[in-house]
Amino acid sequence: MLVLVTGGSGSGKSEFAENIAAGLGGSLTYIAAMKPIDDETVKRIERHRKMRSGKGFSTVECYTGIKNLDISATALLECMSNLTANEMYLPEGAGENTVEEILSGINHLRAVCDNLVIVTNEIDSDGMDYSDETVSYMKNLGMINCKTAEFADEVYEVVCGVPVRIK
């Protein structure tokens, strides 16, 4: 089963996704895509570790190349926004081939995992103007989110802590 969970920053999507993954049963693997690059990301990573503490997740840090993971558990990928940025901007990332690389990775994980839950962010709804580089990132993440939602079994948007089933 593939479940996609989206929502804005601080919406409660991470906790909701963790509960979905835990409810699917079996062993649990948390695929962490946020690279600790500064104090802010280190604090966010620690907050997420505390949130999932005691829920039975083992953690695999993977900043690029999710198609190389071999996980035979229920996996929770947190989060697509970070993975997209990593693939686009890290030297070892896919660069211009980010969308294809990530979709290939999702298809791989769907094949090897018992279940896959993916967390992503809802962006591009504020109507603001951004730099070309940011627009490129938003376009890539949007394409990845749309394609993932297309082949997902279930899609949820979490709004103010309330999950709304879309599909």
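Refer to the structure printed above.
Please read these numbers as outputs of a predicted model, since none were measured by experiment.

Caption draft 1: Up close: the overall build of the protein. Within the protein, the regular secondary structure consists of five helices and seven strands. Starting at the N terminus and walking to the C terminus, you meet the elements of the protein as β-α-β-α-β-β-α-α-β-α-β-β. For the protein, whose C-alpha radius of gyration is 15 Å, the value lies close to the compact-globule estimate of 15 Å for 167 residues. Over its C-alpha atoms, taken along the principal directions, the protein stretches across nearly 45 × 35 × 35 Å. Put simply, the protein has 167 residues, and 46% of those count as buried. Of the roughly 8,500 Å² that the protein leaves accessible, carbon and sulfur atoms contribute 49%.

Caption draft 2: Seen up close, the packing of helix α3 (residues 80–89) against helix α5 (residues 132–151). Where α3 meets α5, the closest approach of the two axes is 10 Å, and the angle between their N-to-C directions is 125°. For the element pair α3 / α5, the angle class is oblique. In the packing of α3 onto α5, the handedness of the crossing is right-handed. Here α3 contributes Met80, Ser81, Thr84, Ala85, Met88 and Tyr89 to the contact with α5, which in turn contributes Glu133, Ser136, Tyr137, Asn140, Leu141, Ile144 and Asn145.

Caption draft 3: Representation of the environment of Met34 within the structure. Tracing the backbone through its elements, the reader meets Met34 in the loop between β2 (28–32) and α2 (39–52). The exposure class of Met34 is buried, given its relative accessible area of 14%. For the pair Met34 and Ala85, spaced 51 residues apart in sequence, the C-alpha to C-alpha distance is 9.5 Å. Apart from the residues lying within four places of it in its own chain, the contact partners of Met34 are Thr41, Arg44, Ile45, Tyr63, Glu78 and Asn82.

Caption draft 4: Structural view of the nonpolar core. Counting 28 residues, the largest nonpolar core has Ile31, Ile66, Met80, Ile106 and Ile118 as its most contacted members. For this core, the secondary structure elements donating two or more residues are β1 (2–7), β4 (74–78), α3, α4 (98–112), β5 (115–119) and α5. With five residues, α4 is the single largest residue contributor to this core. What Ile66 contacts, discounting residues up to four positions off in sequence, is Leu77, Leu83, Ile102, Gly105, Ile106, His108 and Leu109. Residues Ile20, Tyr30, Ala32 and Cys79 belong to the second largest nonpolar core, which totals 16 residues.

Caption draft 5: How the structure looks around the side chain of Glu154. Residue position: Glu154 is located in strand β6 (residues 154–159). With no salt bridge to any partner, buried Glu154 finds its closest opposite charge in Arg165, at an N-O distance of 4.0 Å. Those residues in contact with Glu154, other than ones at most four positions away along the chain, are Met1, Leu2, Val3, Leu4, Arg165 and Lys167.

Caption draft 6: Highlighting the state of the cysteines. Overall, the coordinates contain zero disulfides when judged by the stated rule. Cysteine Cys146 shares no disulfide, and the gap to the nearest cysteine sulfur, in Cys79, comes to 16 Å. The class of Cys146 is exposed, set by a relative accessible area of 57%.

How each quantity is defined
Residues numbered from 1 in each chain as written. Predicted model: local features only at pLDDT ≥ 70, side-chain atom pairs only at ≥ 80, totals over all residues. Heavy atoms only, no water. Helix = DSSP H or I, 4+ residues; strand = E, 2+ residues; numbered from the N terminus. Rg over C-alpha atoms; globule rule 2.2 N^0.38 Å. Buried < 20%, exposed > 50% of the residue type's maximum accessible area, 1.4 Å probe, protein only. Areas by Shrake-Rupley, 256 points an atom, 1.4 Å probe, with all protein chains shown as cover. Axes fitted to C-alpha atoms, helices over the stretch in contact; angles between N-to-C directions. Parallel < 35°, antiparallel > 145°, perpendicular 65-115°, else oblique. Left-handed = near helix turned anticlockwise from the far one by under 90°. Contact = heavy atoms within 4.5 Å. Core = buried A, V, L, I, M, F, W, Y, C linked by side-chain atoms within 4.5 Å. Lys, Arg positive; Asp, Glu negative; His and termini not counted. Salt bridge = Lys/Arg side-chain N within 4 Å of Asp/Glu carboxyl O. Disulfide = S-S within 2.5 Å.

Function cannot be read off these values alone, since they describe shape.
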